Amino acid sequence: MSDLEEELMQDAEEDARIVEYIKNYLPSELKETFSDNELYYFLDVIVDYYANSGVLDAEPDKDGFVDIDLDKVVDYVVEQAKKDKVGDFKAEDVLFVVQGEMEYEDEQMS
């Protein structure tokens, strides 16, 4: 297996762990709202937002944290989903997905 294939496999495994974490993070009333494919899509869009918004270039605070405006991330995800014809989602529902992704990342760093 080439290094690229191995890296892609590791990325896919990591994405699967994040999606499972998000599914467990969602409140019970939202658990059936999003399909796995939609959660993978949201994950890709969230990563795209981080990469293109400049948030990854921001200076961390004294504790090493970067302030991320969740509302901007949610708005971006909702807008992209509509634009890409994935679906018309409520911002307050997508907020839980974004928060779940952030919680997962925070857990990995601690």
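Refer to the structure presented above.
These notes cover the structure that comes with them. A quick note: this is a predicted structure, and the numbers were derived from the prediction, not measured.

Comments concerning the packing of helix α2 (residues 36-53) against helix α3 (residues 70-83)
Any two packed helices are characterised by how steeply their axes cross, that is the angle between the axes, and by the distance between the axes. At a minimum axis distance of 10 Å, the contact between α2 and α3 shows a crossing angle of 125 degrees. Judged on the interaxial angle alone, α3 and α2 are oblique. When the axes of α2 and α3 are compared, the crossing they make is right-handed. Only K72, V73, Y76, V77, Q80 and A81 of α3 make contact with α2, whose side of the interface consists of Y41, F42, V45, I46, D48, Y49 and Y50.

Considering the environment of I46
You can see I46 is positioned in helix α2. C-alpha separation for the pair I46 and V73, spaced 27 residues apart in sequence, amounts to 6.8 Å. In this structure, I46 is in contact with V73, V77, V98 and E101, ignoring residues within four places of it in sequence.

Considerations on a negative patch on the surface
Where like charges cluster on the molecular surface, the negative patch consists of D61, D67, D69, D71, D75 and E79. Turning to its location among the elements, D61 is positioned in the loop between α2 and α3. Note on D61: relative accessible area 41%, which makes it partly exposed.

Comments concerning the nonpolar core
It is characteristic of soluble globular proteins that their nonpolar side chains tend to be buried jointly. With 26 residues, the main nonpolar core has F42 and V94 as its most contacted residues. Elements with a minimum of two residues in this core: α1 (3-25), α2, α3 and α4 (91-109). Element by element, the count of residues in this core is highest for α2, at eight residues.

Conventions adopted
Residues numbered from 1 in each chain as written. Predicted model: local features only at pLDDT ≥ 70, side-chain atom pairs only at ≥ 80, totals over all residues. Heavy atoms only, no water. Axes fitted to C-alpha atoms, helices over the stretch in contact; angles between N-to-C directions. Helix = DSSP H or I, 4+ residues; strand = E, 2+ residues; numbered from the N terminus. Parallel < 35°, antiparallel > 145°, perpendicular 65-115°, else oblique. Left-handed = near helix turned anticlockwise from the far one by under 90°. Contact = heavy atoms within 4.5 Å. Patch = residues over 30% accessible without salt bridge, like charges linked within 9 Å, V, L, I, M, F, W, Y side chains within 5 Å. Areas by Shrake-Rupley, 256 points an atom, 1.4 Å probe, with all protein chains shown as cover. Salt bridge = Lys/Arg side-chain N within 4 Å of Asp/Glu carboxyl O. Lys, Arg positive; Asp, Glu negative; His and termini not counted. Charge placed at Lys NZ, Arg CZ, Asp CG, Glu CD. Buried < 20%, exposed > 50% of the residue type's maximum accessible area, 1.4 Å probe, protein only. Core = buried A, V, L, I, M, F, W, Y, C linked by side-chain atoms within 4.5 Å.

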